[in-house]
Amino acid sequence: MSTVTITGRTDRAQMTIPEHWSAEDIRDEIELLSVLKGKDGVFAPNLVVTLNAHDGSMAEFLSLAVGNVAQTLVEVRFIDITLWNPGGALPGQTPALDGRAVTYTHVSPASGEVLRTTEWLFIENGLAVQATGTTAAPDWMALGPELEQIASSLVLSEEAGSPGAPISTELPEGALDELASGELGSPVESISGIGRTQAFDYSGAWVHASAVALLDEMAEGFKVGRLNADSYRDQLAELESAGLARGTKLTDTGEYARLHLDEPDASFRISAAGSGGAMYYQAWLYGPTALVTAGTGYHVQAGLQSDEAPSRDHVNVRIFPITELARDMASWLGVGPAWPLPALPAGQPAERLEQRWVGNTEIPEGANPVLAALWAQDWFTWELTAQGPDSEIDPVAYLNGGPLGHYRLGSEGGVTWLMPTPSVYVYDQLDDLIAAVIYGRPARLR
């Protein structure tokens, strides 16, 4: 692939872009801007670079960046914060000196579409360098690696900033993550609190499961008439309250919902379990939209969000574009920033985990501090299954360990394995599995 090197507005930075990208110059505060132009009306992927004087720590820079995102963008949901360095350099022995990659989704105020962004941050020569790459959410899997490659090519000129300026490792008061710092061998900031405040959107109608079952039967051709209407009085009232029925007939919205159940292009089911018992998230795709029924998800189960469900047998029903499905699933599952720390021994007898579920919180013998902390969390496990007309995905299972993030679950020979998984990988896997089922291809992320 042919590339072009572009120089910043103030000559303090350069980066290399593919030749099919173009450099733009729009505002004084932007050092570099590269855009992948496409059709009119389609969001143009772009990468923006800013440089600002900074004599503080990476933790302080990160806090400023996260705060600015939360205050200036619409409907932000943070996915993950990971260690990252320009030029492909691996994280060093002092994480406090490494850069960070902040990944999140938000909504375009102009078009209403979901966008995905990563901000690559690092400090050099007393300058806070921020490279912000954004695409429409469905385009990230294809263009994200290219954006990261562009960000990784960033270099500062020899005269930029204050050459040789040291990077502070001091963390703001109260910011230290003691467990992660102990495991990583150097002070790092706590990041898990960001995602734990991101409540799930229960803005749809609450409908009793029996009413959803009736809608499903009607999708298969079942008719409700004068002779049997009394037997379904409660269910019809629930559907009418949700705008899906009027009397014994489905409304236009109800008919559209019925098509999702009767002729789905793909369907997904998340079976979860937490302190409140079993719960489910289901989605049926039809054309450009998804019909979703969601029970109480992670944030409600963990006591981080109020429970608005009329009963445990009610689900929240919504129809929205399939481009928002991965974001919605991740929100229901509580996917958010967390340091992926090994919980050792990683393999535990299956019966030991079963005992934990029934109330035995005694820490396993030989547990490291991470496993001991994980054992004390309010557990939330989930399994995703999916199928399409010509495809079916093997189940994917995880344990949400709260502030410790997600652990992939695997079983073999009576042993269950707990594998720490970066939240951004969990999100990407959801995105990949959705695409795999829709397009009838094998899953790429397993």
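I will try to describe carefully the structure that is included in this document. All figures in this text were calculated on a predicted structure; none of them were measured in a lab. (Residues numbered from 1 in each chain as written. Predicted model: local features only at pLDDT ≥ 70, side-chain atom pairs only at ≥ 80, totals over all residues. Heavy atoms only, no water.)

A word on the layout of surface pockets
Left-over empty space is what a probe sized like a water molecule reveals as it rolls over the atoms. Taken as a whole, the largest pocket holds about 560 Å³ of empty space. If you go around the largest pocket, you meet 22 residues; those closest to its centre are R27, I30, N46, V48 and T132. Only β4 (32–35), β5 (46–53), α1 (58–72), β7 (99–107), β8 (114–124) and β9 (127–136) provide two or more residues apiece to the lining of the largest pocket. (1 Å grid on protein atoms, 1.4 Å probe; cavity = no way out; pocket = protein on both sides within 12 Å on 5 of 7 lines; lining within 4 Å. Points joined across faces, edges and corners; volume = space filled by probe spheres on them. Helix = DSSP H or I, 4+ residues; strand = E, 2+ residues; numbered from the N terminus.)

Overview of the packing of aromatic side chains
Tallied over the entire structure, the rule returns 14 aromatic pairs. Considering the side-chain rings of Y202 and W206, the 5.3 Å spacing of their centres and the 20 degrees angle between planes classify their relative orientation as stacked. For Y202, a relative accessible area of 10% corresponds to the buried category. Judged by relative accessible area, which is 19%, W206 ranks as buried. Here the aromatic rings of Y281 and W332 are separated by 5.6 Å at their centres, their planes lie at 55 degrees, and the arrangement is tilted. Of this pair, Y281 sits in strand β15 (residues 277–286) while W332 sits in helix α9 (residues 325–333), placing them 51 residues apart in sequence. Stacked on the ring of W379, the Lys or Arg R356 has its end atom at 4.3 Å from the ring centre. (Phe/Tyr/Trp six-rings, centres within 6.5 Å; stacked < 30°, edge-to-face > 60°. Buried < 20%, exposed > 50% of the residue type's maximum accessible area, 1.4 Å probe, protein only. Lys NZ or Arg CZ within 6 Å of the ring centre and 35° of its normal.)

Things to note about the pairing of β8
Sheet faces and side chains relate simply in a regular strand, where the side chains alternate between the two faces. Most of β8 sits out of view: 10 of its 11 residues are buried. Where β7 meets β8, 8 bridges bridge the pair, whose relative direction is antiparallel. Bridge assignment links R100 to a residue of β8, and that residue is L121. Between β7 and the antiparallel strand that follows it, β8, lie 6 residues; G112 among them carries a positive phi value of about 80 degrees. Connecting the antiparallel pair β8 and β9 is a turn made up of 2 residues, with N125 showing a positive phi of about 55 degrees. (Pairing = 2+ DSSP bridges.)

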